[in-house]
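The primary structure of each chain is shown beneath.
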Amino acid sequence: QTVLVTGANGFYAAAIMDRLVKDGITIHGTVRSQRAVEALETKYGKQIKIFIVPDICAENAFHDAVKGVDAVFHVASPFIDTFSNARAEFLDPAMKGALSALEAAATEPKVKRVVMTSSCAAIVNPLHSSGFHRPGYTYTEADWNPLTYEEASERTDFDPVYTASKKLAEEAAWNFMKESKRHFDLVCINPCHTWGFYTQPVSSASQLNKTNAELARLIDGEEKDLPYCHMPWAVRIENVVDAHIQALYNPKANGRYIIANQPLDFQQIVDIMVKRFPEADWLENVPKGKPGTRQLTEFFSLDNSRSIRDLGLNYGPVEQCIVDFCTQYQVDRKKW
Ligand code: NDP
(Lines give C-alpha, C1' and ligand atoms only; values in the text may rest on other atoms or scores of the structure.)
Protein backbone atom coordinates (compact mmCIF):
# COMPACT_ATOMS: atom_id res chain seq x y z
CA GLN A 1 0.00 0.00 0.00
CA THR A 2 1.12 3.53 -0.78
CA VAL A 3 -0.40 6.65 0.74
CA LEU A 4 0.07 10.30 -0.22
CA VAL A 5 0.52 12.63 2.78
CA THR A 6 0.48 16.38 2.06
CA GLY A 7 2.42 18.71 4.37
CA ALA A 8 4.71 15.85 5.38
CA ASN A 9 6.94 18.07 7.53
CA GLY A 10 4.16 19.11 9.96
CA PHE A 11 3.22 18.00 13.49
CA TYR A 12 0.10 16.02 12.54
CA ALA A 13 1.59 14.58 9.35
CA ALA A 14 4.71 13.31 11.14
CA ALA A 15 2.67 11.52 13.79
CA ILE A 16 0.42 9.98 11.12
CA MET A 17 3.40 8.93 8.99
CA ASP A 18 5.14 7.31 11.98
CA ARG A 19 2.10 5.06 12.36
CA LEU A 20 1.81 4.35 8.60
CA VAL A 21 5.46 3.37 8.39
CA LYS A 22 5.06 1.00 11.36
CA ASP A 23 2.17 -0.59 9.46
CA GLY A 24 4.52 -1.20 6.50
CA ILE A 25 2.96 1.45 4.27
CA THR A 26 4.98 3.42 1.74
CA ILE A 27 4.50 7.19 1.75
CA HIS A 28 4.51 9.79 -0.96
CA GLY A 29 5.09 12.93 1.11
CA THR A 30 4.77 16.48 -0.17
CA VAL A 31 6.57 19.48 1.30
CA ARG A 32 6.89 22.95 -0.12
CA SER A 33 10.60 23.50 0.33
CA GLN A 34 13.85 21.57 0.52
CA ARG A 35 14.26 22.36 4.25
CA ALA A 36 12.86 19.14 5.73
CA VAL A 37 13.65 16.74 2.90
CA GLU A 38 16.90 15.36 4.22
CA ALA A 39 15.52 14.80 7.73
CA LEU A 40 12.47 12.97 6.36
CA GLU A 41 14.53 10.80 4.04
CA THR A 42 16.93 9.94 6.84
CA LYS A 43 14.09 9.05 9.19
CA TYR A 44 11.92 6.97 6.87
CA GLY A 45 14.49 5.69 4.35
CA LYS A 46 13.03 3.71 1.46
CA GLN A 47 9.52 3.98 2.91
CA ILE A 48 9.16 7.61 1.80
CA LYS A 49 9.39 9.38 -1.51
CA ILE A 50 9.37 13.16 -1.17
CA PHE A 51 7.80 15.50 -3.72
CA ILE A 52 8.44 19.22 -3.52
CA VAL A 53 5.21 21.10 -4.26
CA PRO A 54 6.05 24.80 -3.88
CA ASP A 55 2.47 26.00 -4.45
CA ILE A 56 -0.46 23.79 -3.46
CA CYS A 57 -2.83 26.16 -5.26
CA ALA A 58 -1.13 25.58 -8.63
CA GLU A 59 -2.87 23.55 -11.29
CA ASN A 60 -1.91 19.87 -11.08
CA ALA A 61 -0.01 20.57 -7.83
CA PHE A 62 -0.22 16.96 -6.57
CA HIS A 63 -0.49 15.12 -9.89
CA ASP A 64 3.00 13.62 -9.75
CA ALA A 65 2.80 12.80 -6.06
CA VAL A 66 -0.54 11.01 -6.41
CA LYS A 67 0.63 8.56 -9.08
CA GLY A 68 0.32 4.99 -7.84
CA VAL A 69 -1.13 5.74 -4.39
CA ASP A 70 -4.07 3.89 -2.83
CA ALA A 71 -5.22 6.70 -0.55
CA VAL A 72 -4.56 10.34 0.30
CA PHE A 73 -4.17 12.15 3.62
CA HIS A 74 -4.60 15.85 2.90
CA VAL A 75 -3.08 17.50 5.97
CA ALA A 76 -1.34 20.64 4.63
CA SER A 77 -3.12 23.90 5.41
CA PRO A 78 -2.00 27.24 6.86
CA PHE A 79 -1.87 27.29 10.66
CA ILE A 80 0.16 30.39 11.45
CA ASP A 81 0.03 33.11 14.12
CA THR A 82 0.50 36.23 12.07
CA PHE A 83 -0.64 37.21 8.61
CA SER A 84 -1.25 40.37 6.65
CA ASN A 85 -3.56 39.08 3.91
CA ALA A 86 -6.33 36.68 4.95
CA ARG A 87 -7.08 35.55 1.40
CA ALA A 88 -3.56 34.96 0.17
CA GLU A 89 -2.12 33.49 3.36
CA PHE A 90 -5.06 31.54 4.77
CA LEU A 91 -8.28 31.22 2.77
CA ASP A 92 -6.96 30.50 -0.72
CA PRO A 93 -4.25 27.95 0.17
CA ALA A 94 -6.69 26.13 2.45
CA MET A 95 -9.48 25.94 -0.13
CA LYS A 96 -7.42 25.51 -3.27
CA GLY A 97 -5.05 23.10 -1.54
CA ALA A 98 -7.99 20.86 -0.64
CA LEU A 99 -9.28 21.01 -4.20
CA SER A 100 -5.80 20.28 -5.60
CA ALA A 101 -5.63 17.15 -3.43
CA LEU A 102 -9.06 15.95 -4.56
CA GLU A 103 -8.44 16.78 -8.21
CA ALA A 104 -5.24 14.77 -8.00
CA ALA A 105 -7.08 11.85 -6.40
CA ALA A 106 -9.55 11.96 -9.28
CA THR A 107 -6.70 11.31 -11.73
CA GLU A 108 -5.43 8.17 -9.96
CA PRO A 109 -7.79 5.18 -10.40
CA LYS A 110 -6.14 3.31 -7.50
CA VAL A 111 -7.22 5.89 -4.88
CA LYS A 112 -10.05 4.52 -2.75
CA ARG A 113 -10.33 7.15 -0.06
CA VAL A 114 -9.20 10.68 0.74
CA VAL A 115 -8.94 11.58 4.43
CA MET A 116 -8.86 15.31 4.92
CA THR A 117 -7.65 16.98 8.10
CA SER A 118 -10.31 19.53 8.82
CA SER A 119 -10.85 20.94 12.33
CA CYS A 120 -13.41 21.82 14.97
CA ALA A 121 -12.75 25.27 13.57
CA ALA A 122 -14.93 24.25 10.62
CA ILE A 123 -17.75 23.46 13.06
CA VAL A 124 -17.82 26.22 15.69
CA ASN A 125 -19.17 29.73 15.14
CA PRO A 126 -16.37 32.12 16.18
CA LEU A 127 -18.62 35.18 15.89
CA HIS A 128 -21.69 33.85 17.70
CA SER A 129 -23.75 36.59 19.43
CA SER A 130 -22.95 35.03 22.83
CA GLY A 131 -19.22 34.99 22.00
CA PHE A 132 -16.82 32.35 20.66
CA HIS A 133 -17.28 30.25 23.78
CA ARG A 134 -21.07 30.02 23.36
CA PRO A 135 -21.98 28.71 26.86
CA GLY A 136 -24.49 25.85 26.99
CA TYR A 137 -24.34 24.86 23.33
CA THR A 138 -23.26 21.40 22.17
CA TYR A 139 -21.66 21.29 18.75
CA THR A 140 -22.06 18.16 16.64
CA GLU A 141 -20.93 17.25 13.14
CA ALA A 142 -24.20 18.76 11.85
CA ASP A 143 -22.92 22.26 12.73
CA TRP A 144 -21.00 24.41 10.29
CA ASN A 145 -19.03 27.55 10.98
CA PRO A 146 -21.22 30.13 9.16
CA LEU A 147 -18.43 32.52 8.07
CA THR A 148 -18.25 33.26 4.36
CA TYR A 149 -15.20 33.89 2.19
CA GLU A 150 -16.14 37.57 1.88
CA GLU A 151 -16.63 38.06 5.63
CA ALA A 152 -13.38 36.31 6.51
CA SER A 153 -11.43 38.21 3.82
CA GLU A 154 -12.12 41.48 5.63
CA ARG A 155 -10.76 40.27 8.97
CA THR A 156 -7.31 40.72 10.39
CA ASP A 157 -7.80 38.68 13.60
CA PHE A 158 -6.83 35.01 13.86
CA ASP A 159 -10.02 33.26 15.04
CA PRO A 160 -12.38 34.20 12.21
CA VAL A 161 -9.73 33.86 9.50
CA TYR A 162 -8.29 30.51 10.57
CA THR A 163 -11.68 28.98 11.37
CA ALA A 164 -13.12 30.20 8.06
CA SER A 165 -10.13 28.75 6.18
CA LYS A 166 -10.92 25.31 7.61
CA LYS A 167 -14.67 25.62 7.02
CA LEU A 168 -14.27 26.87 3.43
CA ALA A 169 -11.74 24.14 2.63
CA GLU A 170 -13.94 21.38 4.00
CA GLU A 171 -17.03 22.77 2.32
CA ALA A 172 -15.19 22.98 -1.00
CA ALA A 173 -14.11 19.35 -0.56
CA TRP A 174 -17.66 18.07 0.05
CA ASN A 175 -18.92 20.14 -2.90
CA PHE A 176 -16.24 18.58 -5.10
CA MET A 177 -17.47 15.13 -4.08
CA LYS A 178 -21.07 16.08 -4.97
CA GLU A 179 -20.20 17.61 -8.36
CA SER A 180 -19.92 14.24 -10.05
CA LYS A 181 -19.60 10.56 -9.21
CA ARG A 182 -16.11 9.88 -7.87
CA HIS A 183 -14.29 6.54 -7.73
CA PHE A 184 -13.15 7.28 -4.11
CA ASP A 185 -14.82 8.56 -0.97
CA LEU A 186 -13.98 11.36 1.42
CA VAL A 187 -13.76 11.29 5.22
CA CYS A 188 -13.03 14.45 7.22
CA ILE A 189 -11.38 14.54 10.62
CA ASN A 190 -12.26 17.56 12.78
CA PRO A 191 -9.96 17.69 15.82
CA CYS A 192 -9.81 20.35 18.52
CA HIS A 193 -6.66 21.82 20.09
CA THR A 194 -3.94 19.15 20.00
CA TRP A 195 -0.75 18.74 22.00
CA GLY A 196 1.78 16.02 22.70
CA PHE A 197 5.02 14.42 21.53
CA TYR A 198 6.28 16.02 18.31
CA THR A 199 8.18 13.97 15.73
CA GLN A 200 8.35 16.39 12.81
CA PRO A 201 11.82 17.69 11.86
CA VAL A 202 12.39 20.72 14.13
CA SER A 203 15.61 22.10 15.53
CA SER A 204 14.43 25.19 17.41
CA ALA A 205 11.40 26.29 19.40
CA SER A 206 10.49 28.70 16.59
CA GLN A 207 9.99 25.72 14.24
CA LEU A 208 7.43 24.02 16.48
CA ASN A 209 3.85 23.94 15.22
CA LYS A 210 1.51 26.60 16.55
CA THR A 211 -0.13 24.62 19.36
CA ASN A 212 3.02 23.10 20.85
CA ALA A 213 4.75 26.49 20.54
CA GLU A 214 2.17 27.84 23.00
CA LEU A 215 3.44 25.42 25.64
CA ALA A 216 7.07 26.13 24.74
CA ARG A 217 6.49 29.84 25.33
CA LEU A 218 5.10 29.10 28.80
CA ILE A 219 8.14 26.97 29.64
CA ASP A 220 10.58 29.54 28.23
CA GLY A 221 9.10 32.37 30.28
CA GLU A 222 7.79 34.23 27.25
CA GLU A 223 4.29 34.60 28.72
CA LYS A 224 3.85 36.97 31.66
CA ASP A 225 0.22 35.82 32.14
CA LEU A 226 -1.84 32.87 31.02
CA PRO A 227 -2.47 33.08 27.27
CA TYR A 228 -6.04 33.64 26.04
CA CYS A 229 -7.80 30.30 25.59
CA HIS A 230 -9.41 30.26 22.14
CA MET A 231 -10.42 26.61 21.98
CA PRO A 232 -11.38 25.28 25.43
CA TRP A 233 -11.25 21.59 24.39
CA ALA A 234 -8.14 19.48 23.89
CA VAL A 235 -7.09 16.11 22.51
CA ARG A 236 -3.88 14.08 22.50
CA ILE A 237 -1.97 13.72 19.24
CA GLU A 238 -2.25 9.91 19.57
CA ASN A 239 -6.04 10.17 19.39
CA VAL A 240 -5.78 12.35 16.30
CA VAL A 241 -3.54 9.75 14.67
CA ASP A 242 -5.94 6.93 15.62
CA ALA A 243 -8.77 8.91 14.05
CA HIS A 244 -6.89 9.40 10.78
CA ILE A 245 -5.84 5.77 10.57
CA GLN A 246 -9.34 4.50 11.37
CA ALA A 247 -10.78 6.96 8.86
CA LEU A 248 -8.61 5.30 6.25
CA TYR A 249 -9.17 1.63 7.07
CA ASN A 250 -12.43 1.34 8.95
CA PRO A 251 -15.27 0.48 6.57
CA LYS A 252 -17.72 2.30 8.87
CA ALA A 253 -15.92 5.62 8.46
CA ASN A 254 -17.98 8.20 6.61
CA GLY A 255 -18.66 11.94 6.74
CA ARG A 256 -16.99 14.13 9.34
CA TYR A 257 -15.77 13.37 12.87
CA ILE A 258 -15.29 15.68 15.84
CA ILE A 259 -12.14 14.52 17.63
CA ALA A 260 -12.17 16.00 21.14
CA ASN A 261 -11.31 14.60 24.51
CA GLN A 262 -11.88 16.93 27.46
CA PRO A 263 -12.01 20.63 28.28
CA LEU A 264 -8.58 22.05 29.05
CA ASP A 265 -7.64 25.70 29.55
CA PHE A 266 -4.28 27.30 30.26
CA GLN A 267 -4.94 27.45 34.02
CA GLN A 268 -5.40 23.68 34.03
CA ILE A 269 -2.29 23.32 31.84
CA VAL A 270 -0.02 25.29 34.18
CA ASP A 271 -1.52 23.38 37.14
CA ILE A 272 -0.52 20.13 35.37
CA MET A 273 3.00 21.49 34.85
CA VAL A 274 3.30 22.34 38.57
CA LYS A 275 1.92 18.97 39.67
CA ARG A 276 3.85 16.78 37.24
CA PHE A 277 7.18 18.67 37.02
CA PRO A 278 7.69 20.02 40.56
CA GLU A 279 11.50 19.85 40.31
CA ALA A 280 11.86 21.31 36.81
CA ASP A 281 14.31 24.20 36.46
CA TRP A 282 11.90 25.89 34.02
CA LEU A 283 8.90 25.89 36.36
CA GLU A 284 9.83 29.32 37.75
CA ASN A 285 9.38 30.73 34.20
CA VAL A 286 5.74 29.63 34.01
CA PRO A 287 2.99 32.10 35.01
CA LYS A 288 0.92 30.31 37.66
CA GLY A 289 -2.44 32.12 37.32
CA LYS A 290 -4.84 31.19 40.11
CA PRO A 291 -4.05 27.55 40.87
CA GLY A 292 -6.99 25.19 41.15
CA THR A 293 -9.44 27.52 39.40
CA ARG A 294 -10.54 27.54 35.77
CA GLN A 295 -9.64 30.16 33.22
CA LEU A 296 -12.98 29.49 31.55
CA THR A 297 -16.04 28.35 33.46
CA GLU A 298 -18.71 28.39 30.77
CA PHE A 299 -18.19 27.30 27.20
CA PHE A 300 -19.56 25.04 24.49
CA SER A 301 -19.42 21.25 24.48
CA LEU A 302 -18.14 19.13 21.63
CA ASP A 303 -20.01 15.89 20.99
CA ASN A 304 -17.37 13.24 20.22
CA SER A 305 -19.78 10.28 20.21
CA ARG A 306 -19.53 9.59 16.47
CA SER A 307 -15.76 9.16 16.78
CA ILE A 308 -16.21 6.64 19.58
CA ARG A 309 -19.01 4.74 17.85
CA ASP A 310 -17.64 4.54 14.28
CA LEU A 311 -13.87 4.93 14.70
CA GLY A 312 -13.58 3.16 18.06
CA LEU A 313 -11.62 6.02 19.62
CA ASN A 314 -10.54 5.40 23.19
CA TYR A 315 -9.59 8.84 24.48
CA GLY A 316 -7.93 8.31 27.88
CA PRO A 317 -6.83 11.19 30.12
CA VAL A 318 -6.06 14.39 28.22
CA GLU A 319 -3.51 15.54 30.86
CA GLN A 320 -0.98 13.17 29.28
CA CYS A 321 -0.56 15.36 26.19
CA ILE A 322 0.81 18.18 28.34
CA VAL A 323 3.09 15.79 30.23
CA ASP A 324 4.35 14.30 26.94
CA PHE A 325 5.16 17.67 25.40
CA CYS A 326 6.92 18.96 28.52
CA THR A 327 8.93 15.74 28.90
CA GLN A 328 10.26 16.04 25.35
CA TYR A 329 10.66 19.81 25.19
CA GLN A 330 12.55 20.20 28.47
CA VAL A 331 15.32 18.04 26.96
CA ASP A 332 15.24 19.59 23.48
CA ARG A 333 15.37 23.21 24.68
CA LYS A 334 18.73 22.53 26.30
CA LYS A 335 20.12 21.14 23.01
CA TRP A 336 18.68 23.86 20.76
P1 NDP B 1 1.93 22.36 11.19
O2 NDP B 1 2.17 23.82 11.04
O3 NDP B 1 2.97 21.54 11.85
O4 NDP B 1 1.60 21.72 9.78
C5 NDP B 1 1.02 22.45 8.74
C6 NDP B 1 1.49 21.85 7.44
O7 NDP B 1 0.81 22.50 6.37
C8 NDP B 1 2.99 22.06 7.22
O9 NDP B 1 3.50 20.97 6.53
C10 NDP B 1 3.02 23.31 6.36
O11 NDP B 1 4.15 23.43 5.55
C12 NDP B 1 1.79 23.06 5.50
N13 NDP B 1 1.32 24.34 4.95
C14 NDP B 1 0.88 25.40 5.63
N15 NDP B 1 0.55 26.38 4.79
C16 NDP B 1 0.81 25.93 3.54
C17 NDP B 1 0.70 26.48 2.25
N18 NDP B 1 0.23 27.70 2.06
N19 NDP B 1 1.08 25.73 1.19
C20 NDP B 1 1.55 24.48 1.39
N21 NDP B 1 1.68 23.89 2.59
C22 NDP B 1 1.31 24.61 3.65
O23 NDP B 1 0.55 22.25 11.98
P24 NDP B 1 -0.31 20.96 12.39
O25 NDP B 1 0.38 19.72 12.06
O26 NDP B 1 -0.78 21.24 13.75
O27 NDP B 1 -1.56 21.14 11.42
C28 NDP B 1 -1.81 20.22 10.38
C29 NDP B 1 -3.27 20.29 9.99
O30 NDP B 1 -4.07 19.96 11.13
C31 NDP B 1 -3.75 21.66 9.53
O32 NDP B 1 -4.65 21.42 8.46
C33 NDP B 1 -4.48 22.21 10.75
O34 NDP B 1 -5.48 23.11 10.38
C35 NDP B 1 -5.08 20.93 11.30
N36 NDP B 1 -5.43 20.98 12.71
C37 NDP B 1 -4.47 21.12 13.70
C38 NDP B 1 -4.83 21.17 15.03
C39 NDP B 1 -3.82 21.34 16.11
O40 NDP B 1 -4.22 21.57 17.28
N41 NDP B 1 -2.52 21.20 15.85
C42 NDP B 1 -6.25 21.07 15.43
C43 NDP B 1 -7.16 20.85 14.34
C44 NDP B 1 -6.76 20.81 13.05
P45 NDP B 1 5.33 24.49 5.89
O46 NDP B 1 6.11 23.87 7.01
O47 NDP B 1 6.10 24.62 4.63
O48 NDP B 1 4.66 25.75 6.33
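Not measured: the values here are computed from a predicted model.

Some details on the overall build of the chain
- Check the secondary structure of the chain and you find ten helices and twelve strands.
- Against the 2.2 N^0.38 benchmark of 20 Å for 336 residues, the chain shows a C-alpha radius of gyration of 19 Å, consistent with a compact globule.
- Viewed in the frame of its principal axes, the chain has a C-alpha envelope of about 55 × 45 × 40 Å.
- For the chain, with 336 residues in total, the buried portion stands at 46%.
- For the chain, the proportion of contacts with a sequence separation of at least 24, taken over those separated by at least 6, is 74%.

Considerations on the environment of isoleucine 269
- Tracing the backbone shows isoleucine 269 in helix 8 (residues 266–276).
- The exposure class of isoleucine 269 is buried, given the 26 C-beta atoms found within 10 Å.
- As for isoleucine 269 and cysteine 321, which are separated by 52 residues in sequence, their C-alpha atoms are 9.9 Å apart.
- Ignoring anything within four residues of it in the chain, the contact list for isoleucine 269 reads Leu264 and Ile322.

A few points about the sheet that holds strand 11 (residues 262–263)
- On the basis of which strands lie adjacent, the open sheet formed by three strands has the order 8-9-11 and mixed pairing. Sheet topology places strand 8 (193–195) and strand 11 at the edges, where each strand pairs with a single neighbour.
- As defined by bridge partners, strand 8 adjoins strand 9 (residues 233–236) across three bridges and the pair is classed as parallel. Of the residues in strand 9, the one forming a bridge with tryptophan 195 is arginine 236.
- The sheet strands contacting helix 7 (residues 237–249) are strand 8 and strand 9, and the helix crosses strand 9 at an angle near 75°.

Looking at the site of the ligand
- Taken together, 24 residues form the shell around the ligand, and within it Gly7, Gly10, Ser77, Pro93 and Asn209 come nearest.
- Elements with a minimum of two residues in the shell around the ligand: helix 1 (11–22) and strand 8.
- Of all the elements, helix 1 adds the most residues to the shell around the ligand, at three residues.
- Looking at the shell around the ligand residue by residue, the classes come out as ten nonpolar, twelve polar and two charged.

Quick look at the packing of helix 6 (residues 210–219) against helix 10 (residues 319–335)
- Where helix 6 meets helix 10, the axes come as close as 11 Å, and the angle between the chain directions of the two elements is 60°. It follows that helix 6 is oblique to helix 10 by the angle criterion. With respect to the hand of their crossing, helix 6 and helix 10 are arranged in right-handed fashion. In this structure, helix 6 uses Asn212, Leu215, Ala216 and Ile219 to contact helix 10, whose residues at the interface are Ile322, Phe325, Cys326, Tyr329 and Gln330.
- Among the residues making up the contact of helix 6 with helix 10, the classes are represented as seven nonpolar, two polar and no charged.

Points about the nonpolar core
- Counting 104 residues, the largest nonpolar core has Val5 and Val72 as its most contacted members.
- If one sorts the elements of this core by residue count, helix 3 (residues 86–107) sits on top with ten residues.
- Look past the residues within four positions of valine 5 in its chain and what remains in contact with it is Ala13, Ile16, Met17, Ile27, Gly29, Phe73 and Val75.

Details of the UniProt feature "domain: NAD-dependent epimerase/dehydratase" (unreviewed entry) in the chain
- UniProt feature "domain: NAD-dependent epimerase/dehydratase" (unreviewed entry): in the numbering of this structure it lies at residues 3–254.
- Secondary structure within residues 3–254 divides into 37% helix and 16% strand; the distance between the first and last C-alpha atoms comes to 19 Å.

Some thoughts on the pairing of strand 9
- By the alternation rule, side chains of strand 9 split into Trp233 and Val235 and Ala234 and Arg236, which are all buried.
- Where strand 9 meets strand 11, two bridges bridge the pair, whose relative direction is antiparallel. Bridge pairing links tryptophan 233 to proline 263 in strand 11.

Focus on the packing of helix 8 against helix 10
- The interhelical angle for the contact between helix 8 and helix 10, taken along N-to-C directions, is 60°, at an axis separation of 10 Å. Helix 10 is crossed by helix 8, and the crossing has right-handed handedness. Residues Ile269, Ile272, Met273 and Arg276 of helix 8 form the contact with helix 10, whose own contacting residues are Glu319, Ile322, Val323 and Cys326.

Thresholds applied
- Residues numbered from 1 in each chain as written.
- Predicted model: local features only at pLDDT ≥ 70, side-chain atom pairs only at ≥ 80, totals over all residues.
- Helix = DSSP H or I, 4+ residues; strand = E, 2+ residues; numbered from the N terminus.
- Rg over C-alpha atoms; globule rule 2.2 N^0.38 Å.
- Buried ≥ 20, exposed ≤ 12 C-beta atoms within 10 Å, placed from the backbone.
- Contact = placed C-beta atoms within 7 Å.
- Pairing = 2+ DSSP bridges.
- Axes fitted to C-alpha atoms, helices over the stretch in contact; angles between N-to-C directions.
- Near = placed C-beta within 6 Å.
- Nonpolar A, V, L, I, M, F, W, Y, C, P; charged D, E, K, R; others polar.
- Parallel < 35°, antiparallel > 145°, perpendicular 65-115°, else oblique.
- Left-handed = near helix turned anticlockwise from the far one by under 90°.
- Core = buried A, V, L, I, M, F, W, Y, C linked by C-beta atoms within 7 Å.
- UniProt positions renumbered as here; feature names shortened; annotations may be inferred.

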